Every structure is written in C-alpha cells, then in structure tokens.
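# A look at the structure
Residues per chain are reported as follows:
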Amino acid sequence: MNLLAAALPQGVVQFLPFVLIIGVFYLLMIRPNQKRQQQWQSMLNNLKPGDKVTTTGGIRGTILTIKDDAIQLRVAPDNIKLEVIKSAIASVTTDEAAK
C-alpha cells in the first residue's frame, strides 16, 4: 500500500475509500434492483388474456382483456370482473406445466 500511496497524490488517496464504497453500493444494491425492475417490466409486457395473475393487493384472478394501462380480471368464486392498472400486477401465477 505504501508504493501506491507514494505514487498517487495525497487527495486521490483520501478519495479512494469513497470510490470503493460507491462501487460496492452499486454492486450490492443498485444493480440487483435494476435487474429485478427489468424482469418485472418484461413480465408486464408479456401478459396475455387467460394468464392467472396476483395483484400487489393480493387479489388473484384471470386476465380477460388488456388495455393500454389497465387489465380486466375475472375473480373467483362469483366471476366478478375487476379493472386494475398494469402496475398493480405483482406476478403471473399461470402454471408453466399447463402450457
């Protein structure tokens, strides 16, 4: 470390720990969150009628129609129709084996 400290100016050596902290912060927090956001956006773009979904409020239903920013769901047991915004969809619960 002494060779590195001798080769670099004093201001750069003091600034180096902050750069390392920012790098670790990016790798551990920001990057995984960006990846999760991209996967969620991809899931929203691939929704189609007939998919079974769960909303962020915990409502499970089957997609009937898809509009620009809203989705119409059929909710069991009475086949109630609800309209929710796309961003309220938390996950697709359609079984992959059924496809």
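Structural data are supplied above this passage.
### A closer look at the overall build of the protein
- Broken down by element type, the protein carries two helices and five strands.
- Burial statistics for the protein: of 99 residues in total, 18% are counted as buried.

### Describing the nonpolar core
- Formed by Met 43, Leu 44, Leu 47, Val 53, Ile 63, Ile 71, Leu 73, Val 75, Val 84 and Ile 89, the largest nonpolar core amounts to 10 residues.
- For this core, the elements supplying multiple residues, two or more each, are α2 (10-45) and β3 (70-75).
- Discounting chain neighbours no more than four positions away, the residues touching Leu 73 are Val 53, Thr 55, Gly 61, Thr 62, Ile 63, Leu 64, Ile 80, Lys 81, Leu 82 and Val 84.

### Here we look at the pattern of salt bridges
- Per the counting criterion, the structure on display carries two salt bridges.
- The residue Lys 48 makes a salt bridge to Asp 51 at a minimum N-O spacing of 3.3 Å.
- Look at Asp 51 and you get buried, because its relative accessible area is 6%.
- In this structure, the salt-bridge partner of Lys 67 is Glu 83, at a minimum N-O distance of 3.1 Å. Pair noted here: Lys 67 is in the loop between β2 (60-66) and β3 and Glu 83 is in strand β4 (residues 80-85), with a separation of 16 residues, a long-range link.
- Look at Lys 67 and you get partly exposed, because its relative accessible area is 46%.

### Notes on the pairing of strand β1 (residues 52-55)
- Inspection of the sheet shows β1 paired to β2 by three bridges, in the antiparallel sense. Residue pairing across strands places Thr 54 opposite Arg 60, the latter belonging to β2.
- With antiparallel pairing between neighbouring strands as the criterion, β1 and β2 make up a hairpin whose turn holds four residues, including Gly 58 at a positive phi of roughly 95°.
- Pairing geometry for β1 and strand β5 (residues 89-92), over three bridges, is antiparallel. The residue bridging Thr 54 from the neighbouring strand is Ser 91, located in β5.

### As for the pairing of β3
- Of the strand pairs in this sheet, β2 and β3 are connected by four bridges, and their pairing is antiparallel. Across the sheet, residue Ile 66 finds its bridge partner in β3, namely Ile 71.
- Once β2 ends, the chain turns through three residues before running back antiparallel as β3.
- Direction of pairing for β3 relative to β4: antiparallel, over a ladder of six bridges. Across the sheet, Gln 72 pairs through a bridge with Glu 83, a residue of β4.
- The antiparallel pairing of β3 with β4 creates a hairpin that spans four residues between the two strands, and Asn 79 there sits at a positive phi of about 55°.

### Examining the sheet that holds β2
- In spatial order, the strands read β4-β3-β2-β1-β5; together these five strands make up an open sheet with antiparallel pairing. In this open sheet, the two strands that pair with only one neighbour each are β4 and β5. Each neighbouring strand pair of the sheet contributes to a mean axis angle of 45°, computed without reference to strand direction.

Basis of the calculations
Residues numbered from 1 in each chain as written. Predicted model: local features only at pLDDT ≥ 70, side-chain atom pairs only at ≥ 80, totals over all residues. Heavy atoms only, no water. Helix = DSSP H or I, 4+ residues; strand = E, 2+ residues; numbered from the N terminus. Buried < 20%, exposed > 50% of the residue type's maximum accessible area, 1.4 Å probe, protein only. Core = buried A, V, L, I, M, F, W, Y, C linked by side-chain atoms within 4.5 Å. Contact = heavy atoms within 4.5 Å. Salt bridge = Lys/Arg side-chain N within 4 Å of Asp/Glu carboxyl O. Pairing = 2+ DSSP bridges. Axes fitted to C-alpha atoms, helices over the stretch in contact; angles between N-to-C directions.

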